[in-house]
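In case you want the letters, here they are:
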Amino acid sequence: MTLQISPSDLLVVVDVQYDFLPGGSLAVADGDAVVPLINALAKKFTHVVCTQDWHPADHISFASQHPGKAPFETVQLPYGSQVLWPDHCVWNSHGAALSADLDIPQAQLILRKGYNRAIDSYSGFQEADRETLTGLAGYLNERDIGRLYIVGLATDFCVGWTAIDGAAAGFDVTVIEDATRAIDNEGSLARAWADMAEAGVERVMSRDILG
Ligand code: VGL
Ligand code: ZN
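Below, the structure is looked at part by part. Since we're looking at a predicted model, the values are computed, not measured.

How each quantity is defined
- Residues numbered from 1 in each chain as written.
- Chains lettered and ligands numbered in written order.
- Predicted model: local features only at pLDDT ≥ 70, side-chain atom pairs only at ≥ 80, totals over all residues.
- Heavy atoms only, no water.
- Helix = DSSP H or I, 4+ residues; strand = E, 2+ residues; numbered from the N terminus.
- Contact = heavy atoms within 4.5 Å.
- Buried < 20%, exposed > 50% of the residue type's maximum accessible area, 1.4 Å probe, protein only.
- Pairing = 2+ DSSP bridges.
- Donors = N, O, S within 2.8 Å, 3.2 Å for Na, K, Ca; no water.
- Tetrahedral: all angles 85-135°; square planar, octahedral: opposite > 155°, others 65-115°.
- Near = heavy atom within 4 Å.
- Polar contact = N/O pair within 3.5 Å; in protein donor to acceptor, adjacent residues only side chain to side chain.
- Areas by Shrake-Rupley, 256 points an atom, 1.4 Å probe, with all protein chains shown as cover.
- Nonpolar A, V, L, I, M, F, W, Y, C, P; charged D, E, K, R; others polar.
- Axes fitted to C-alpha atoms, helices over the stretch in contact; angles between N-to-C directions.
- Salt bridge = Lys/Arg side-chain N within 4 Å of Asp/Glu carboxyl O.
- Phe/Tyr/Trp six-rings, centres within 6.5 Å; stacked < 30°, edge-to-face > 60°.
- Lys NZ or Arg CZ within 6 Å of the ring centre and 35° of its normal.

**Description of the side chain of Ser188**
Structurally, the position occupied by Ser188 is in helix H4 (residues 188–198). Here Ser188 is in contact with Asp156 and Phe157, once residues within four sequence places are set aside.

Here it is, written out as structure tokens:
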């Protein structure tokens, strides 16, 4: 049965940026496979928001800011544990740009996140201190959005956290699994799906929507 997309549904396209695509500094395996699917899915939606990971060059999530530490190691920060990453999505760099192969002219908001040097932000709703809000919930409520469909990169970080925080903010949330790809660092993908299920996030495939 094909899911019908209604005008109160909104597609969230998470972090489809060159640094997460093949050749990028934090390339997600097979990441470019999501682009044609996202373009096809987006045609079903009146409302689309894109998120954009957007860091200053000395961002706290970069391993380069922690002498002796390597990418994918974890450190403790005032707000909790933080995975360290290669430098990525530095604001105004090519790697931070949204893929030019996205074909979503009706996208209405591009939400940048992670611009505070001292706080990472996987989620489009709140930063990693779990206090600083981005304003996205307020935007979606003002636009009378009921359900979020989430696609993009990476399943186990920015997609997963955005989905869980969207559910916590009171929205119905569905992740379109085959329109995402994962980093999968030390079991993070399985953990993300388990956390999303516990938060009530639904999981479908693109054929459930495209028919
Ligand atoms: C992301 C790691 C660091 C993501 C962003 O978009 O999933 N992952 N910054
Ligand atoms: Zn980042």
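**Some words on the pairing of strand S6 (residues 147–153)**
Of all seven residues that make up S6, seven are buried, and the element is covered over most of its length. Residue alternation in S6 divides its side chains into two sets, Arg147, Tyr149, Val151 and Leu153 and Leu148, Ile150 and Gly152, and both sets are buried. Relative to S6, strand S1 (residues 9–14) is paired through six bridges, and the arrangement is parallel. When the sheet's bridge partners are listed, Val14 is paired in S6 with Gly152.

**Brief notes about the coordination of the zinc ion (ligand 2)**
Tetrahedral coordination by four donors places them ideally at 109.5 degrees to one another around the metal; octahedral coordination by six donors ideally gives 90 or 180 degrees. Surrounding the zinc ion (ligand 2) are the protein donor atoms Asp53 (OD), His55 (NE2) and His88 (NE2), at 2.0 to 2.2 Å. Here the zinc ion (ligand 2) binds four donor atoms, and the angle range of 86 to 171 degrees at the metal identifies the geometry as irregular.

**Section: the site of ligand 1**
The immediate surroundings of ligand 1 are formed by Asp15, Phe20, Leu26, Asp53, Trp85, His88, Tyr122, Leu153, Ala154, Phe157, Cys158 and Ile183. Between ligand 1 and Asp53, the relevant distance is 3.0 Å, taken from a nitrogen atom to a side-chain nitrogen or oxygen of the residue. Ala154 places a polar main-chain atom, nitrogen or oxygen, 3.0 Å from an oxygen atom of ligand 1. Expressed as a share of its isolated accessible area of 260 Å², the protein-covered part of ligand 1 is 100%. Each residue belonging to the shell around ligand 1 can be placed in one class, and the counts come to nine nonpolar, one polar and two charged.

**Some points on the sheet that holds strand S5 (residues 109–113)**
Read from one edge of the open sheet, six strands run S5-S2-S1-S6-S7-S8, paired in parallel fashion. At either end of the open sheet lies a strand with only one pairing partner, and these are S5 and strand S8 (202–204). Along the sheet, successive strands turn relative to each other by an average axial angle of 25 degrees, direction set aside. Across three bridges, strand S7 (residues 172–181) lies against S8 in parallel orientation. Bridging across to S8, Val175 finds its partner in Arg203. Relative to S7, helix H1 (residues 34–42) is tilted by about 140 degrees, and along the sheet it contacts S1, S6 and S7.

**A closer look at the pattern of salt bridges**
Summed over all chains, the structure comprises nine salt bridges. Linking Arg181 and Asp30 is a salt bridge whose minimum nitrogen-to-oxygen distance equals 2.9 Å. On the criterion of sequence distance, the pair formed by Arg181 in strand S7 and Asp30 in the loop between S1 and H1 is long-range, its members being 151 residues apart. The class of Asp30 is partly exposed, set by a relative accessible area of 44%. Among the salt bridges present, the one from Arg147 reaches Asp172, with a minimum N-O distance of 4.0 Å. Separated by 25 residues along the polypeptide, Arg147 in strand S6 and Asp172 in strand S7 bring together distant segments of the chain. Look at the salt bridges and you will find they share partners, linking Asp15, Asp53 and Lys113 into a network.

**Focus: the packing of aromatic side chains**
Overall, the coordinates contain seven aromatic pairs when judged by the stated rule. With 5.7 Å between their ring centres and 90 degrees between their planes, Phe72 and Trp85 make a pair best called edge-to-face. Of this pair, Phe72 sits in the loop between strand S2 (47–53) and strand S3 (74–77) while Trp85 sits in the loop between strand S4 (80–83) and S5, and the two are 13 residues apart along the sequence. In this arrangement the basic side chain of Arg112 is found over the ring face of Trp54, its NZ or CZ atom lying 3.7 Å from the centre. One Lys or Arg, Arg203, reaches over the ring of Trp193 and ends 3.8 Å from the middle of that ring.

**What to know about the environment of Trp193**
With respect to the helices and strands, the residue Trp193 is situated in helix H4. According to the relative accessible area criterion, Trp193 is buried, its value standing at 12%. Once the C-alpha coordinates of Trp193 and Val175 are considered, the two residues, 18 residues apart in sequence, prove to be 9.9 Å apart. Excluding its chain neighbours within four sequence positions, the residues that come into contact with Trp193 are Thr155, Val175, Glu177 and Arg203.

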